[in-house]
Amino acid sequence: ENPNVARANERTHNYTVSDLIERTLDDMVSNGRATRYIKDLKQQMRDHVEPTIGGTIIRNVTTSEIDRILTKVGGRGALHNRVRAGLSKLFNKAVRWGYRTDNPVAGTEPKHEAHRERLLTDGEMDALLEVLGRHPGPSSDAMRLLYLTGSRPKELFSARWKDFDLDSGVWTKPA
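What this report covers is the structure whose coordinates are included nearby.

About the thresholds
Residues numbered from 1 in each chain as written. Predicted model: local features only at pLDDT ≥ 70, side-chain atom pairs only at ≥ 80, totals over all residues. Heavy atoms only, no water. Phe/Tyr/Trp six-rings, centres within 6.5 Å; stacked < 30°, edge-to-face > 60°. Buried < 20%, exposed > 50% of the residue type's maximum accessible area, 1.4 Å probe, protein only. Lys NZ or Arg CZ within 6 Å of the ring centre and 35° of its normal.

### Let's talk about the packing of aromatic side chains
Two aromatic rings are characterised by how far apart their centres lie and by the angle between their planes.
Next, step 1: As enumerated under the stated definition, the model contains four aromatic pairs in all.
Next, step 2: The interplanar angle of 70° and the centroid separation of 6.4 Å between the aromatic rings of W97 and Y99 together place this pair among those described as edge-to-face.
Next, step 3: Given the relative accessible area of 12%, Y99 is considered buried.
Next, step 4: Considering the side-chain rings of F164 and W171, the 5.3 Å spacing of their centres and the 20° angle between planes classify their relative orientation as stacked.
Next, step 5: Looking at F164, the relative accessible area reads 24%, which means it is partly exposed.
Next, step 6: When its relative accessible area of 16% is taken as the criterion, W171 is described as buried.
Next, step 7: Within the aromatic cluster, the residues linked to one another by ring pairs are Y15, W97 and Y99.
Next, step 8: Over the face of the ring belonging to Y37 we find R33, whose NZ or CZ atom lies 4.1 Å from the ring centre.

What follows is the structure in structure tokens.
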């Protein structure tokens with residue numbers, strides 16, 4: 001028997017959830033995932049997963065342990081869903097890398113997220129327009145155009161000159 005293979009098998013049999021988190025984050029960095037996404041996932045795993053199951057061997061993690069983690073963050077729908085998605089990603093990687101045969105997150109339910117919306121008051125809008133008037137330039141013009149058209153920033157910043165008919169004052173947004 002090859003001793004290197006035996007040591008590798010022994011390491012993977014004793015691979016913990018913390019080890020899986022570290023390997024997954026390294027894999028995400030090497031694959032060019034967004035830095036902010038990686039930072040958020042790392043924080044969620046550190047705050048909510050590692051204290052509960054960080055030292056647990058991957059193949060020994062049960063659905064009830066996953067449920068316990070999700071119950072702790074269950075009062076906050078968005079956080080619950082992000083932690084659930086992060087755990088699912090971890091255990092999908094564990095299946096892919098041969099540490100498990102199943103994903104214990106499968107079958108858990110996402111929480112309903114209440115969408116937040118914050119609109120500026122009339123006074124806040126007047127103050128913003130006053131500041132924009134005192135600081136002319138392309139950024140101020142873009143902010144005023146967003147205000148006047150009600151467009152999304154991405155729509156405005158991806159616009160092309162061919163979308164504007166300056167003679168008739170019309171902006172035709174692509175579908």
